[in-house]
Amino acid sequence: MICVHAAVALTAVYEISEDGRSAIGAVELEDAEDYFFFEVGLLGERIPANVQNITLISRDALCNPCNFSREGSVLEFQKGNYTLTYAREVRDNHFIAVFERPYDVEVILPSGLDVRNRLIGSISQGGVVTEEEGHLSIRWNNTRMAECRFYEPFREVLLMTFFTFLGVVAVVLFVPFLLTGRRRD
């Protein structure tokens, strides 16, 4: 007899700060004894990430908080199931999280930050944006990478102002061309 159990993806939740410059993450770890903090470079290489306020909590109620050792970007601890929380910097309104195995990921943006205008914001494949009580939530299911580029409302105003100006310039230049063409006929 073969028993098949549905694999439940681990979860990772990140909350972006009001100013968009930092994120607090809570990542579930299962049967783990280490964790690597890294960012992805332009060529896909791993770059050690700078994180602060690390807390390791056992999901098996063995310790709260749990002891760990840290050497550079590597965190080592006793093998088990944990929730790891930490704070990290977010640069240029660009958040990215990469995982060794598939995770269900949620990124919470406070009111005042948005990703829905595709000209100035973006989300990686599979991300679904929902508006909830005063904030935006972006969710990815069963993914190894979650990425979003968010913006402040002022950038959207600048974009609309630019397109309005461009439209006015186009009309000013195009209307005389049409009028001179009709006079010749």
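A. Local environment of the overall build of the protein. Scanning the protein from terminus to terminus reveals 1 helix and 11 strands. In the protein, the order of α-helices and β-strands from amino to carboxyl end is β-β-β-β-β-β-β-β-β-β-β-α. The C-alpha radius of gyration of the protein comes to 23 Å, more than 25% above the 16 Å expected for a compact globule of 185 residues. The principal-axis extent of the C-alpha atoms belonging to the protein is close to 85 × 45 × 40 Å. Counting over 185 residues, the protein shows a buried share of 34%. Counting only contacts in the protein whose residues sit at least 6 apart along the sequence, the fraction spanning at least 24 positions is 69%. A distance of 10 Å separates the average location of the 17 positive side-chain charges in the protein from that of its 26 negative side-chain charges.

B. Structural detail: the nonpolar core. In terms of nonpolar packing, the biggest core is built from 37 residues, with Tyr14, Leu29, Tyr35 and Phe95 touching the most fellow members. Of all the secondary structure elements, the ones that give two or more residues to this core are strand E1 (10–16), strand E2 (22–36), strand E5 (51–58), strand E7 (74–89), strand E8 (94–110) and strand E11 (135–149). A total of 7 residues in this core trace back to one element, the largest contributor, which is E8. Residues in contact with Phe95, not counting those within four places in the same chain, are Tyr14, Ile16, Ala23, Arg88, Val90, Val107, Ala146, Glu147, Cys148 and Phe150.

C. Inspection of the pattern of salt bridges at higher detail. Taken as a whole, this structure holds 9 salt bridges when the rule is applied. For Glu106, the salt bridge identified is with Arg139, shortest N-O distance 3.1 Å. With a gap of 33 residues between them, Glu106 in strand E8 and Arg139 in strand E11 connect regions that are remote in the sequence. Accessibility expressed as a relative area gives 34% for Arg139, which makes it partly exposed.

D. Region of the structure containing unusual backbone geometry. In this chain, Asn64 is followed by Pro65 through a cis amide linkage whose omega measures -10°. Its place among the elements puts Pro65 in the loop between E5 and strand E6 (69–71). Its identity is not glycine, yet Asp31 carries a phi of approximately 50°, on the positive side. With respect to the secondary-structure elements, Asp31 resides in strand E2.

E. Structural view of empty space enclosed by the protein. According to the stated counting rule, one finds 1 cavity of 30 Å³ or more in the structure shown. The space that makes up the largest cavity amounts to roughly 150 Å³. Around the largest cavity, the lining comprises 15 residues; the ones closest to its centre are Tyr35, Phe38, Tyr86, Arg88 and Val98. Considering each element in turn, the lining of the largest cavity owes the most residues, 4 residues, to E8. In terms of residue class, the lining of the largest cavity is made up of 13 nonpolar, no polar and 2 charged.

Thresholds, definitions, all that
- Residues numbered from 1 in each chain as written.
- Predicted model: local features only at pLDDT ≥ 70, side-chain atom pairs only at ≥ 80, totals over all residues.
- Heavy atoms only, no water.
- Helix = DSSP H or I, 4+ residues; strand = E, 2+ residues; numbered from the N terminus.
- Rg over C-alpha atoms; globule rule 2.2 N^0.38 Å.
- Buried < 20%, exposed > 50% of the residue type's maximum accessible area, 1.4 Å probe, protein only.
- Contact = heavy atoms within 4.5 Å.
- Lys, Arg positive; Asp, Glu negative; His and termini not counted.
- Charge placed at Lys NZ, Arg CZ, Asp CG, Glu CD.
- Core = buried A, V, L, I, M, F, W, Y, C linked by side-chain atoms within 4.5 Å.
- Salt bridge = Lys/Arg side-chain N within 4 Å of Asp/Glu carboxyl O.
- 1 Å grid on protein atoms, 1.4 Å probe; cavity = no way out; pocket = protein on both sides within 12 Å on 5 of 7 lines; lining within 4 Å.
- Points joined across faces, edges and corners; volume = space filled by probe spheres on them.
- Nonpolar A, V, L, I, M, F, W, Y, C, P; charged D, E, K, R; others polar.

Coordinates in, geometry out; function isn't part of it.
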